[in-house]
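Each chain, letter by letter, is given below.
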Amino acid sequence: MKGDRVEIVVDAGDTTRTYEVVAGRAGRRVETAVRRGVVEVSEVTRNGTVVRTARFMANRVLALVEQPVPREDSSERSLREVPQP
């Protein structure tokens with residue numbers, strides 16, 4: 001969903017670097033995967049086509065922070081509308 005973000009903090013020797021992958025358009029999402037010692041963060045369209053991918057060596061990744069956009073379901077909405085006693 002537009003606005004999904006993943007922040008990746010990587011050890012760059014004497015310092016750390018922070019990278020960010022953001023779902024920039026409506027209908028896109030950000031997916032993460034760890035395969036064979038590599039962390040992949042991809043922006044994906046609704047039908048599953050990968051738009052762009054960032055790859056990092058897993059042993060260099062210090063933090064991987066997923067920050068999804070809050071999604072509102074119809075069931076949650078009805079629960080919020082009920083007045084508290």
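For the structure, check the block above.
All of the points below concern the structure found in this document. (Residues numbered from 1 in each chain as written. Predicted model: local features only at pLDDT ≥ 70, side-chain atom pairs only at ≥ 80, totals over all residues. Heavy atoms only, no water.)

Side note on the nonpolar core
Core analysis: the biggest nonpolar cluster contains 11 residues, these being Val6, Ile8, Val10, Val21, Ala23, Val30, Val39, Val41, Ala54, Phe56 and Val61. Mapped onto this core, the elements with two or more residues apiece are strand E1 (5-11), strand E4 (38-44) and strand E5 (50-57). At three residues, the largest contribution of residues to this core is made by E1. (Core = buried A, V, L, I, M, F, W, Y, C linked by side-chain atoms within 4.5 Å. Buried < 20%, exposed > 50% of the residue type's maximum accessible area, 1.4 Å probe, protein only. Helix = DSSP H or I, 4+ residues; strand = E, 2+ residues; numbered from the N terminus.)

Some thoughts on the sheet that holds E1
One open sheet holds the three strands; their spatial order is E2-E1-E6, and the pairing between them is antiparallel. In this open sheet, the two edge strands, each paired with only one partner strand, are strand E2 (16-22) and strand E6 (61-67). On average, adjacent strands in this sheet sit at an angle of 15° to one another, irrespective of strand direction. Pairing analysis gives six bridges linking E1 to E6, with the strands arranged antiparallel. Within E6, the residue paired with Val9 across the bridge is Ala63. (Pairing = 2+ DSSP bridges. Axes fitted to C-alpha atoms, helices over the stretch in contact; angles between N-to-C directions.)

Brief notes about the side chain of Glu40
Examined against the element boundaries, Glu40 turns out to sit in strand E4. Among the polar contacts made by the side chain of Glu40, one reaches the side chain of Arg55 at a distance of 3.1 Å. Once residues within four sequence positions are removed from consideration, Glu40 is found in contact with Glu31, Thr32, Ala33, Arg35, Thr53, Ala54 and Arg55. (Polar contact = N/O pair within 3.5 Å; in protein donor to acceptor, adjacent residues only side chain to side chain. Contact = heavy atoms within 4.5 Å.)

A short note on the sheet that holds strand E3 (residues 29-35)
Backbone hydrogen bonds hold the strands of a sheet together, and the pairing may be parallel or antiparallel. Within the open sheet, the three strands sit side by side as E3-E4-E5. Their pairing is antiparallel. Of all the strands in the sheet, just E3 and E5 have a single pairing partner and so form its edges. Each adjacent strand pair in this sheet contributes to an overall mean axis angle of 20°, direction not counted. By the bridge criterion, seven bridges tie E4 to E5 in an arrangement that is antiparallel. What sits directly across from Ser42, in E5, is Thr53.

Comments concerning the pairing of E4
Here E4 lies mainly inside the structure; six of its seven residues are buried. Sheet analysis places E3 next to E4, joined by seven bridges and oriented antiparallel. Bridge assignment links Thr32 to a residue of E4, and that residue is Val41. A loop of two residues connects E3 with E4, the two strands running antiparallel in sequence, and Arg36 in this loop sits at a positive phi of about 50°. Linking E4 back to E5 in an antiparallel pair, the connection comprises five residues, with Gly48 at a positive phi of about 95°.

As for unusual backbone geometry
Phi at Arg36 is positive, roughly 50°, even though this residue is not glycine. Along the chain, Arg36 falls in the loop between E3 and E4.

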